[in-house]
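Each chain, written out:
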Amino acid sequence: EAQVTQNPRYLITVTGKKLTVTCSQNMNHEYMSWYRQDPGLGLRQIYYSMNVEVTDKGDVPEGYKVSRKEKRNFPLILESPSPNQTSLYFCASIRGSEAFFGQGTRLTVV
Amino acid sequence: AQKVTQAQTEISVVEKEDVTLDCVYETRDTTYYLFWYKQPPSGELVFLIRRNSFDEQNEISGRYSWNFQKSTSSFNFTITASQVVDSAVYFCALNGYSTLTFGKGTMLLVSP
């Protein structure tokens, strides 16, 4: 079954404490992407990756890092989270007409 | 750059009314895919439909129908005889050669 697995689903953390949200796909897709969703702003792209070791900034990359060491995994790293990064995050794995999403991560930074 | 516009921020209807959610897009790609997703209060994104740029045939699935018009760059979504369970945020999205771009979403509230 085609799947994007994103963890954790919910996370409350404190300002400045590094965290990683994991994302894994089983479809051998080359293209993966991270989005954040905020009220009234829709889903905005943070970073994307066209293939292993190839990543690029999306529309709102500040405060985030990503890595793509292997095709299936695309973790999102917040080195020093701040309250303005409180949001709902989605990982996506995409190829042409196929777009699969993780279940979402609700992150609260206090 | 590609762009998706959902001009309706919020729509409120009474159950059994028909409702149309608008989606207008911009892209320079000749091949692209359009999507609609539903996001219920639980937060996950539920896939509803995808269309490629070469297939302008309208589609009906139960109470849902989609009207794709390339001439006006629109991909509108109609719910017939709306139900309370249709209450959600609906997103239109476009995937060209570069990236998957979303509209800002339309919140649909269906009251009994």
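Here goes a summary of the coordinates provided. Note that the structure is a prediction, hence the values are computed from the model and not measured.

## Brief notes about the overall build of chain B
Right, so step 1: A tally of regular secondary structure across chain B gives zero helices and twelve strands.
Right, so step 2: Shown N-terminal to C-terminal, the secondary structure of chain B runs as helices and strands in the order β-β-β-β-β-β-β-β-β-β-β-β.
Right, so step 3: The C-alpha radius of gyration of chain B comes to 14 Å, within 12% of the 13 Å expected for a compact globule of 112 residues.
Right, so step 4: The principal-axis extents of the C-alpha atoms in chain B amount to approximately 45 × 25 × 20 Å.
Right, so step 5: For chain B, buried positions account for 47% of its 112 residues.
Right, so step 6: Split by element, the accessible area of chain B, about 5,500 Å² in all, is 51% carbon and sulfur.
Right, so step 7: A gap of 5 Å separates the mean positions of the 9 positive and 12 negative side-chain charges of chain B.

## Thoughts on the nonpolar core
Residue and element names in this part refer to chain B.
Right, so step 1: Counting 24 residues, the largest nonpolar core has Trp 36, Trp 66, Phe 77, Tyr 90 and Leu 108 as its most contacted members.
Right, so step 2: Taken together, the elements giving at least two residues each to this core come down to β2 (10-14), β3 (19-21), β5 (33-39), β6 (46-52), β8 (64-69), β9 (74-79), β10 (88-95) and β12 (106-111).
Right, so step 3: Those residues in contact with Trp 66 that lie beyond four places of it in its chain are Trp 36, Leu 48, Ile 49, Asn 58, Glu 59, Ser 61, Phe 75, Asn 76 and Phe 77.

## Quick notes on the state of the cysteines
All names here are of chain A.
Right, so step 1: Inspection of every chain in the model, using the stated rule, returns two disulfides over all chains.
Right, so step 2: There is a disulfide in this structure between Cys 23 and Cys 91, and the S-S distance comes to 1.8 Å. An S-S torsion of about -70° defines the bridge between Cys 23 and Cys 91 as left-handed. Here the residue Cys 23 occupies a position in strand β3 (residues 19-25), and Cys 91 occupies one in strand β9 (residues 87-95), the gap between them amounting to 68 residues.

The rules behind each value
- Residues numbered from 1 in each chain as written.
- Chains lettered and ligands numbered in written order.
- Predicted model: local features only at pLDDT ≥ 70, side-chain atom pairs only at ≥ 80, totals over all residues.
- Heavy atoms only, no water.
- Helix = DSSP H or I, 4+ residues; strand = E, 2+ residues; numbered from the N terminus.
- Rg over C-alpha atoms; globule rule 2.2 N^0.38 Å.
- Buried < 20%, exposed > 50% of the residue type's maximum accessible area, 1.4 Å probe, protein only.
- Areas by Shrake-Rupley, 256 points an atom, 1.4 Å probe, with all protein chains shown as cover.
- Lys, Arg positive; Asp, Glu negative; His and termini not counted.
- Charge placed at Lys NZ, Arg CZ, Asp CG, Glu CD.
- Core = buried A, V, L, I, M, F, W, Y, C linked by side-chain atoms within 4.5 Å.
- Contact = heavy atoms within 4.5 Å.
- Disulfide = S-S within 2.5 Å.

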